[in-house]
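Below, each chain spelled out in residue letters.
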Amino acid sequence: MFQHVEAYAGDPILSLNEAFGKDPRTDKINLSIGIYFDDAGKIPMLPSVRAAELQVVAEAGARPYLPMEGAANFRTAVQHLLFGAEHPAVKAGRVVTIQTVGSSGGLKVGGDFIKRYFPTSTMLISDPTWDNHRAVFEGCGLPTQIYPYYDPATGSLRFDAMLAALKQAEKKSIVLLHACCHNPTGVDLTRAQWEQLVPVLQERELIPFLDLAYQGYGDGITEDAFAVRLLGDVGLSFFVANSFSKSMSLYGERCGALSVVCPDAAQAVNVLGQMKANIRRNYSNPPLHGGQIVARVLTDPELRPMWEAEVAAMRERIQTMRHKLHDVLSAKLPGKDFSYFLTQRGMFSYTGLTADQCDRLKEQFGVYLVRSGRMCVAGLNTSNVEATASAVAAVLA
């Protein structure tokens, strides 16, 4: 019956992670998958999250289905995290938030909504972007086009080219933007550049779709929501998908959300209704447990500051690894410029390594990078950073 079904080639990142797991070498180093590891090479259990979970479990009773849109306390906490509790759009009821199965689920629900209500729109994605972005939106039936973003020659942003391309975009196009800690390059817009981007979005009637998976890994919890709040301040309608996988180390709980900022409260009611219909046709309703942990951390007056301090410590550890990698590589290859490791932000860096060089790193040194050259800096620690730098220097020499 299924002879006509072709083989699945596999996801390039998850397949590489599976290959790492099968590698028998004891000195192998995994810098492929986007997961934060502590200095011992372990996925941390954050004390704030653990305390919240113990409270949630202690208070647990019956476990009914959640509403299609998710738990009210979770949704409110997400809105306050992203926009601030006193933001005019929140207070006016113009923001719709649904609890989703990770931020990937938010991308999917949002993509299905866009396909139905903006059927002729094109999804514009940065060159490059996270591999799964194109797959998710094309899976929704949306055509995708790229806009200029990363300059491999300088390791920086092609902002002028980006603006020029968006100025030529068809009206009502959807523009996928990384709110902070761009995946895979680690190259972000500055605040001034975000402010320059806004008039282009307004003039071309473009609809921003922000992906915020790494809040707190750039400059801070509030600071990394700058783009979200700016677009809300200027009155744009837009989408934002966010995740707690990285910031709360809750990868397997799939805790995410999708928020839509609407022109008025009446339109927000209709948008929420159609989002619920999308969810009903898909997975009916989100899971209970992880979302309640998130809500507790975000709203508890003792746990919230504890969590923010833990995220700050993770961010600072990543920065320390960036500086160490830069220093060792600069010493080993004094003729090359590795300053991009210091200017790029968040979990990832684009190393400039070719696919062949990444293959050599894996095969000869047991250092796993995505073949695009993307490195998960959060996989580095004091025990493996020197070995990583030596291996990278060897393939670059």
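Look a little higher up for the structure.
Sequence order as written defines residue numbering, which begins from 1 separately in each chain. The predicted origin of the model limits local features to residues at a pLDDT of at least 70 and limits the giving and counting of side-chain atom pairs to 80 or more, whereas totals for whole chains, interfaces and linings rest on all residues. Excluded from the side-chain calculation are hydrogens and water; included are all heavy atoms of the structure.

K.L.:
Which residues make up the overall build of the protein chain, and what values go with them?
P.N.:
Only DSSP runs of H or I reaching four residues or more are called helices, and only runs of E reaching two or more are called strands; each is numbered from the N terminus. Each helix and strand in the protein chain was counted, giving 15 helices and 13 strands. Computation of the radius of gyration draws on C-alpha atoms, with the globule rule given as 2.2 Å multiplied by the number of residues to the power 0.38. Relative to the 2.2 N^0.38 estimate, which gives 21 Å for 397 residues, the radius of gyration of the protein chain is 21 Å and therefore close to what a compact globule would have. Projected onto its principal axes, the C-alpha positions of the protein chain cover 60 × 55 × 55 Å. Throughout this description, buried means an accessible area under 20% of the type-specific maximum (1.4 Å probe, protein chains only), exposed means over 50%, and partly exposed covers the range between. Counting all 397 residues of the protein chain, 55% fall into the buried class. Only heavy atoms matter for contacts: two residues are in contact if any of them lie within 4.5 Å across the pair. The long-range share in the protein chain, meaning contacts at least 24 apart out of those at least 6 apart in sequence, stands at 75%.

K.L.:
Now, about the side chain of Thr351: what can you tell me, with residues and values included?
P.N.:
Residue position: Thr351 is located in the loop between β11 (348-350) and α14 (355-365). Within the structure, Thr351 has its side chain in polar contact with the backbone nitrogen of Leu353 (distance 3.1 Å). Once residues lying within four places of it in the same chain are set aside, the contact partners of Thr351 are Tyr340, Phe341, Leu369, Gly373 and Met375. Polar contacts, as counted here, are pairs of nitrogen or oxygen atoms within 3.5 Å of one another; within protein the pair requires one atom able to donate a hydrogen and one able to accept it, and residues that are adjacent in sequence qualify only if both atoms are side-chain atoms.

K.L.:
Run through the environment of Gln357, naming residues and quoting values.
P.N.:
Structurally, Gln357 can be placed in helix α14. On a C-alpha basis, the gap between Gln357 and Ser156 in space is 21 Å, while along the polypeptide they are 201 residues apart. For Gln357, the residues in contact, after removing those within four places along its chain, are Gly352, Val395 and Leu396. At 2.9 Å, the side chain of Gln357 and the backbone nitrogen of Thr354 are in polar contact.

K.L.:
Give a description of the packing of aromatic side chains that names residues and reports values.
P.N.:
Each Phe, Tyr or Trp ring, with Trp reduced to its six-membered ring, pairs with another whose centre is within 6.5 Å; inter-plane angles below 30 degrees give stacked pairs, above 60 give edge-to-face pairs, and intermediate values give tilted ones. With the rule as written, the count across this model stands at 13 aromatic pairs. Where Tyr36 meets Tyr217, the ring centres are 6.2 Å apart and the plane angle is 75°; that geometry is what we call edge-to-face. Taken together, the residues Tyr36 in the loop between β1 (29-30) and α2 (47-58) and Tyr217 in the loop between β8 (207-212) and α9 (226-233) connect sequence positions 181 residues apart. Given a relative accessible area of 4%, Tyr36 falls into the buried group.

K.L.:
Break down a nonpolar patch on the surface for me, citing the residues and quoting the values.
P.N.:
Residues Met1, Phe2 and Val5 make up a contiguous nonpolar surface patch of roughly 430 Å² in combined accessible area. Relative to the assigned elements, Phe2 resides in the segment before α1 (12-22). Surface patches are defined over residues having more than 30% relative accessible area and no salt bridge, joining like charges when they lie within 9 Å and nonpolar side chains (Val, Leu, Ile, Met, Phe, Trp, Tyr) when within 5 Å. Accessible surface area values rest on a Shrake-Rupley calculation with a 1.4 Å probe, where residue burial reflects the displayed protein chains alone. Criterion for a salt bridge: a side-chain nitrogen of Lys or Arg within 4 Å of a carboxyl oxygen of Asp or Glu.

K.L.:
Pulling in residues and values, what's your account of helix α15 (residues 385-396)?
P.N.:
The α-helix advances 3.6 residues per turn, and as a result positions three or four apart in sequence lie on the same side. Here a helix's expected span is defined as the number of its residues, less one, multiplied by 1.5 Å. For α15, with 12 residues, the first-to-last C-alpha span of 16 Å sits near the 16 Å given by 1.5 Å per residue. Every buried residue of α15 is listed here: Val385, Thr388, Ala389, Ala391, Val392, Ala393 and Val395. Summarising the contacts, the buried residues of α15 are in contact with β1, α12 (303-332), α14, β12 (367-368) and β13 (374-376).

K.L.:
Tell me what's going on with the sheet that holds strand β9 (residues 238-243), and back it up with residues and numbers.
P.N.:
Taken in spatial order, the seven strands make up an open sheet running β2-β10-β9-β8-β7-β3-β4, and their pairing is mixed. For this open sheet the edge positions go to β2 (95-101) and β4 (144-148), each flanked by a neighbour on one side alone. Averaged over all neighbouring strand pairs, the angle between strand axes comes to 25°, with direction disregarded. Any two strands are treated as partners once DSSP identifies two or more bridges connecting them. Bridging between β8 and β9 involves four bridges; their strand directions are parallel. What sits directly across from Leu212, in β9, is Asn242. Convention adopted: a line fitted to C-alpha atoms gives each axis, helices being fitted over their contacting stretch, and angles between N-to-C directions are expressed from 0 to 180 degrees. Those strands touched by helix α5 (residues 102-117) are β2, β3 (123-127), β7 (174-178), β8, β9 and β10 (255-261), and its axis lies near 125° from that of β2.

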